[in-house]
Amino acid sequence: CASDAWRDQAIAWGIEPQRSRTIYFGRIWPQHAPRPTARQPTLLFAGRMAPDKGLHLLLPGFAALLATRPDATLTILAGPGRSWYRVYCERLIRRLGVADAVNWLPAVPRDTLDDLCREYGALLHYSRNEEPVALTLLHAMAAGLPVVTSRPPRPGAIVIDGRTCLCYDADRPE
């Protein structure tokens, strides 16, 4: 299993505990030059265009940030997904009045994500999973990019508030 939460779920479904173990997703952590200090809040969201990725939940929080930091920008690295959801998010961006501060980029090959992460000040992330093990989080952390993500319902090995990232309540992302 990829996390303790997934292992617990497998055991609840009938897998014998002695036949299961947790093996976390891994990746090679390359050596990078120090990240440049951002002069303005440059935020990155990377994910599929799907409601479970929570972009629509994060946008009102970005609008609130713009009220205090009008120089902030949000880049949405949009992976494949549902076209209706992208249209919904585009309309929400316009309705919130933040279109001038939002940039859209197409998906990039995963092996270029570390370098792309170095261009931003923080990664915005949302997950409904009990113990998120998203590769996007690992890439951001490997690149030294601070991560702001939803607080999982139970402690995990990757998302540790104040240590590996900053967490917000998933039901109040703004």
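Look above for the structure.
Owing to the predicted nature of the structure, the values given are computational and were not obtained by experimental measurement.

Chemist: Help me understand the nonpolar core, please; the structure alone is not making it clear to me.
Modeler: For soluble globular proteins, the rule of thumb is that nonpolar side chains tend to be buried together. If you look at the biggest cluster of nonpolar residues, it comprises 24 residues, and the most contacted ones within it are Leu55, Phe62, Leu74 and Ile76. For this core, the elements supplying multiple residues, two or more each, are strand S1 (42–49), helix H2 (55–68), strand S2 (73–81), helix H3 (83–96) and strand S4 (122–124). The biggest single contributor to this core is H2, with 6 residues. Apart from residues no more than four positions distant in its own chain, phenylalanine 62 is found in contact with Leu43, Ala72, Thr73, Leu74, Val98, Ala101 and Val102. In this structure, Tyr120, Leu137, Val159 and Cys165 belong to the second largest nonpolar core, which totals 19 residues.

Chemist: Any chance you could explain the state of the cysteines here in plain terms?
Modeler: Here a disulfide denotes a covalent bond joining the sulfur atom of one cysteine to the sulfur atom of another. What the rule picks out here adds up to 0 disulfides. Cysteine cysteine 165 shares no disulfide, and the gap to the nearest cysteine sulfur, in cysteine 167, comes to 3.8 Å. With relative accessibility at 6%, the residue cysteine 165 sits in the buried group.

Chemist: Help me out: how do you make sense of the sheet that holds S2 in this one?
Modeler: Think of a sheet as strands paired side by side through backbone hydrogen bonds, with each pair either parallel or antiparallel. Reading across the sheet, the 6 strands line up as S3-S2-S1-S4-S5-S6 and stay open at both edges, with parallel pairing between neighbours. The strands lining the two open edges of the sheet, one partner per strand, are strand S3 (102–106) and strand S6 (166–168). Averaged over neighbouring strand pairs, the angle between their axes works out to 25° when direction is ignored. Where H2 meets the sheet, it contacts S1, S2, S3, S4 and S6, and its direction lies at approximately 165° from that of S1.

Chemist: Looking at this model, I keep getting lost on H3. Mind explaining?
Modeler: An α-helical segment advances 3.6 residues per turn. Residues three or four places apart therefore align on the same side. Over its 14 residues, H3 runs 20 Å from end to end, which matches the ideal 20 Å to within 8%, given 1.5 Å per residue. Among the residues making up H3, those that are buried are Tyr85, Cys89, Leu92 and Ile93. With its buried residues spanning 100° around the axis, H3 presents them on a single face. The outward face of H3, more than 90 degrees from its buried face, is lined by the exposed residues Ser83, Arg91, Arg94 and Arg95. Packing partners of the buried residues in H3 comprise S1, H2, S2 and S3.

Chemist: In this structure, what is going on with the environment of histidine 139? I would like to understand it.
Modeler: Tracing the backbone through its elements, the reader meets histidine 139 in helix H5 (residues 135–142). Residue histidine 139 is classed as buried on the basis of its relative accessible area, which comes to 7%. Between the C-alpha atoms of histidine 139 and arginine 110, which are 29 residues apart in sequence, the distance is 8.6 Å.

Chemist: So what exactly am I meant to see when it comes to the environment of threonine 149 here?
Modeler: One can find threonine 149 in strand S5 (residues 147–150). The class of threonine 149 is buried, set by a relative accessible area of 0%. Through-space distance from the C-alpha of threonine 149 to that of aspartate 161 is 8.9 Å; in sequence the pair is 12 residues apart. Among all residues touching threonine 149, those that are not within four sequence positions of it are His125, Tyr126, Val159, Cys165, Leu166, Cys167 and Tyr168. At 2.8 Å, the side chain of threonine 149 forms a polar contact with the side chain of histidine 125.

Chemist: What am I meant to see in the packing of aromatic side chains here?
Modeler: The geometry of an aromatic ring pair is captured by two quantities: the separation of the ring centres and the angle between the planes. What the rule picks out here adds up to 2 aromatic pairs. When the centroid spacing of 6.5 Å and the interplanar angle of 25° are considered together, the rings of tyrosine 85 and tyrosine 88 count as stacked. Here tyrosine 85 pairs with tyrosine 88, and both are found in helix H3, just 3 residues apart, close to one helical turn. Look at tyrosine 85 and you get buried, because its relative accessible area is 1%. An aromatic cluster is defined as three or more aromatic residues linked by ring pairs; in this entry it consists of Trp84, Tyr85 and Tyr88.

What counts, and where the lines are drawn
Residues numbered from 1 in each chain as written. Predicted model: local features only at pLDDT ≥ 70, side-chain atom pairs only at ≥ 80, totals over all residues. Heavy atoms only, no water. Core = buried A, V, L, I, M, F, W, Y, C linked by side-chain atoms within 4.5 Å. Buried < 20%, exposed > 50% of the residue type's maximum accessible area, 1.4 Å probe, protein only. Helix = DSSP H or I, 4+ residues; strand = E, 2+ residues; numbered from the N terminus. Contact = heavy atoms within 4.5 Å. Disulfide = S-S within 2.5 Å. Pairing = 2+ DSSP bridges. Axes fitted to C-alpha atoms, helices over the stretch in contact; angles between N-to-C directions. Expected span 1.5 Å × (residues − 1). Arc of directions from axis to C-beta. Polar contact = N/O pair within 3.5 Å; in protein donor to acceptor, adjacent residues only side chain to side chain. Phe/Tyr/Trp six-rings, centres within 6.5 Å; stacked < 30°, edge-to-face > 60°.

Geometric values such as these leave the question of function open.
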